[in-house]
Amino acid sequence: MVCGLGWLAATGTASAHGGSLAGGGRESLTIPTWLFLSTGGAAVGASFLLASFVTDRAFIERIHGWGRPLSGGFEGILRLAGQVVGLAGLAAVLVVGFLGPTNARTNLAILLVWVGWWAGLAMTTYLVGNSWATLNPFKTLAGILPTLNRRYPARVGSWPAVGGLLVLVWVEVVSPLADQPRLLASVVAGYGVATLVGAFIFGPDDWFAHADPVERVFRYYGRFAPFGRDEDGLRLRLPGMDLSTPRLVDGPDEVAFVVALLWVTTYDGLVTTPAWRDLTTPIVESGVPPHLLYPVALAIGFAFFLGVYRLAVRFARDISDTYLAPAVLAQRFAPPLVAIAVGYHFAHYLGYFLVLAPSLAIALTSPFANPAVVPTVDLPAWFGALALASVIIGHLVAIWVAHAAAYDLFPARLQAIRSQYPFIAVMVFYTMTSLWVVSQPEVALPHL
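In this text the structure is predicted, and so the values were computed from the model without any measurement. (Residues numbered from 1 in each chain as written. Predicted model: local features only at pLDDT ≥ 70, side-chain atom pairs only at ≥ 80, totals over all residues. Heavy atoms only, no water.)

(A) Quick peek at the overall build of the chain. A tally of regular secondary structure across the chain gives 18 helices and three strands. The burial tally for the chain puts 53% of its 448 residues in the buried class. Within the chain, contacts between residues at least 6 apart in sequence are counted, and of these 82% link residues at least 24 apart. Just so you have it, the chain exposes about 18700 Å², and 69% of that area is on carbon and sulfur atoms. (Helix = DSSP H or I, 4+ residues; strand = E, 2+ residues; numbered from the N terminus. Buried < 20%, exposed > 50% of the residue type's maximum accessible area, 1.4 Å probe, protein only. Contact = heavy atoms within 4.5 Å. Areas by Shrake-Rupley, 256 points an atom, 1.4 Å probe, with all protein chains shown as cover.)

(B) Layout of empty space enclosed by the protein. Under the criterion given, the structure shown has one cavity of 30 Å³ or more. In this model, the largest cavity occupies a volume close to 50 Å³. As for the largest cavity, its lining consists of Arg105, Thr106, Leu111, Ser359, Ile362, Ala363, Ser366, Ala369, Pro371 and Val374. The dominant element in the lining of the largest cavity, judged by the number of residues it contributes, is helix H15 (residues 336-365), at three residues. Taken together, the residues of the lining of the largest cavity break down into six nonpolar, three polar and one charged. (1 Å grid on protein atoms, 1.4 Å probe; cavity = no way out; pocket = protein on both sides within 12 Å on 5 of 7 lines; lining within 4 Å. Points joined across faces, edges and corners; volume = space filled by probe spheres on them. Nonpolar A, V, L, I, M, F, W, Y, C, P; charged D, E, K, R; others polar.)

(C) Here's a closer look at unusual backbone geometry. A positive phi angle, near 55°, is found at Asn149, a position not held by glycine. Along the chain, the position of Asn149 falls in the loop between helix H6 (137-144) and helix H7 (159-174). Although it is not a glycine, Arg247 sits at a positive phi angle of roughly 65°. Assignment of secondary structure puts Arg247 in the loop between strand S3 (233-237) and helix H11 (252-270).

(D) Up close: the side chain of Ser359. One can find Ser359 in helix H15. Ser359 sits in the buried class, given a relative accessible area of 4%. With near-sequence residues (within four places) excluded, Ser359 lies in contact with Leu111, Val374, Pro375 and Thr376.

(E) Quick look at helix H4 (residues 108-127). Taking 1.5 Å per residue, 20 residues should reach 28 Å; H4 reaches only 25 Å between its end C-alpha atoms and comes up short. Remark: the principal bend of H4, roughly 35°, maps to Gly116. Burial analysis of H4 places 17 of its 20 residues in the buried class, which makes it a mostly covered element. By the N-cap criterion, in which a side-chain oxygen at the helix start approaches the backbone nitrogen of a residue two or three places on, H4 is capped by Asn107, the distance to Ala109 being 2.8 Å. (Expected span 1.5 Å × (residues − 1). Bend = angle between axes of the 7 residues up to and from the residue. Polar contact = N/O pair within 3.5 Å; in protein donor to acceptor, adjacent residues only side chain to side chain.)

(F) Region of the structure containing the pairing of S3. Examined bridge by bridge, strand S1 (residues 67-69) and S3 share three bridges and lie antiparallel to one another. The partner of Gly67 across the bridge, within S3, is Arg237. In the sheet, strand S2 (residues 227-230) pairs with S3 via four bridges, with the strands oriented antiparallel. Bridging across to S3, Asp230 finds its partner in Gly233. (Pairing = 2+ DSSP bridges.)

(G) Expanded view of the environment of Ala51. Along the chain, Ala51 turns up in helix H1 (residues 33-52). Between the C-alpha atom of Ala51 and that of His403, which follows or precedes it by 352 residues, the distance is 7.0 Å. Ignoring sequence-local partners within four residues, the contact set of Ala51 consists of Trp400 and His403.

(H) Region of the structure containing the environment of Arg155. For Arg155, the position within the fold is in the loop between H6 and H7. The spatial distance from the C-alpha of Arg155 to the C-alpha of Asp253 is 9.8 Å, given a sequence separation of 98 residues.

(I) Spatial organisation of the sheet that holds S3. Taken in spatial order, the three strands of this open sheet run S1-S3-S2, and their pairing is antiparallel. Edge positions in the sheet fall to S1 and S2, since each has one partner strand and no second. Direction aside, neighbouring strands of the sheet carry axes that sit 40° apart on average. (Axes fitted to C-alpha atoms, helices over the stretch in contact; angles between N-to-C directions.)

(J) Structural view of the packing of aromatic side chains. This structure, assessed with the given rule, holds 22 aromatic pairs. Relative to Tyr352, the ring of Tyr349 has its centre 6.1 Å away and its plane inclined at 70°; by these criteria the two rings are edge-to-face. Residue Tyr349 and its partner Tyr352 are located together in helix H15, separated by three residues, close to a single helical turn. Across this residue pair, the class does not change: Tyr349 and Tyr352 are buried. The ring of Phe257 carries Arg216 above its face, with NZ or CZ at 5.8 Å from the centroid. (Phe/Tyr/Trp six-rings, centres within 6.5 Å; stacked < 30°, edge-to-face > 60°. Lys NZ or Arg CZ within 6 Å of the ring centre and 35° of its normal.)

(K) Geometry of the packing of helix H8 (residues 181-202) against helix H9 (residues 204-211). Contact geometry for H8 and H9: axes closest at 7 Å, N-to-C directions at 125°. Of the possible angle classes, the one that applies to H8 and H9 is oblique. Two packed elements cross with a definite hand, and for H8 against H9 that hand is right-handed. Residues Ala194, Thr195, Gly198, Ala199 and Phe202 of H8 pack against Pro204, Asp206, Trp207 and Phe208 of H9. Partitioning the contact of H8 with H9 into residue classes produces six nonpolar, two polar and one charged. (Parallel < 35°, antiparallel > 145°, perpendicular 65-115°, else oblique. Left-handed = near helix turned anticlockwise from the far one by under 90°.)

Printed below as a string of structure tokens:
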């Protein structure tokens, strides 16, 4: 449920996959793919060369340390209002999901979860700030209910969040969550029960800090946003700069979660490309069950992305000739990957949200109505360029954040620059992968 929202096409038909671009789906490019991908990769590489010229540590610190404190006088009222809105949204999803119209085009639960929450609210999280920490209805309920306050096992860390993210994506991919409101409401209810049980046993603070995958996704997205919170309260900062904060990622489990966040966002678009269909058709025809194929591919892809990142860490340690352990480098250079995930999420879902926002507005005003015609927005032909630009911008921000992290971590200028070579190679790989997925025409999810 965390990744891969549905695409309700301009006709209103629900589908659980494929972030929208112009016209209700991705369209193939008119320029050669190799030229498009090589240009995107070259742009990322060139940006690294330009960033390398900025070696003034004081200047880098000023850029990343810039901010303005914000007044928090209405913070208590806003928090209470947000909690009420979150609870009302959960109630709407459950009630309308179970009792409302079965048509996915008009059901408020479908539109609220996929359009309002994962497309709209997720975009506001990295464009403005993380309001989900307040809106989260399960956290609000967990704060009211009693708890056993058992000690959360430190050795477990955030691995439940990593596994939970992959499981949620697998469930979303293989099931028609964007087609069947009753099923969606059941999954939301089941997720809520599991969350509240975990919070009851270990306490809401530990559970939502470590084990809850949805809370962690929004938390990392929120660190990209211009509005955030530090020890002094609310603060305005430059977008993406907070990702250079030391110990933002602390441990191999959190490194794995960041890589998983990047991978599942890519995977959700990958499975609706013609290449995936062509690759998997002979595999399925040979007798491999499709429902087994998707989770296996999800796990293998995650292991591959994580392996590539860890390999870059080893090369970075050797090239920079540092005494720092590989684990330290892995944790310090993982946060920039969040910027890449942000760019791809925005590319994947901006058009989707804009097209279906009128349908969501109608459903909010008449949650139990089932109109024959639902309004949508026709996007202009040039709109797809915004998606491609957002992917590039996300990678450029990631390069600058990694550049700042390197200068914070290494005392010597050349040591800092050399340490980034393997990570830039990985980012170019991620860039070209994301651009390739975005540039492909969208097809129906094969074999399911």
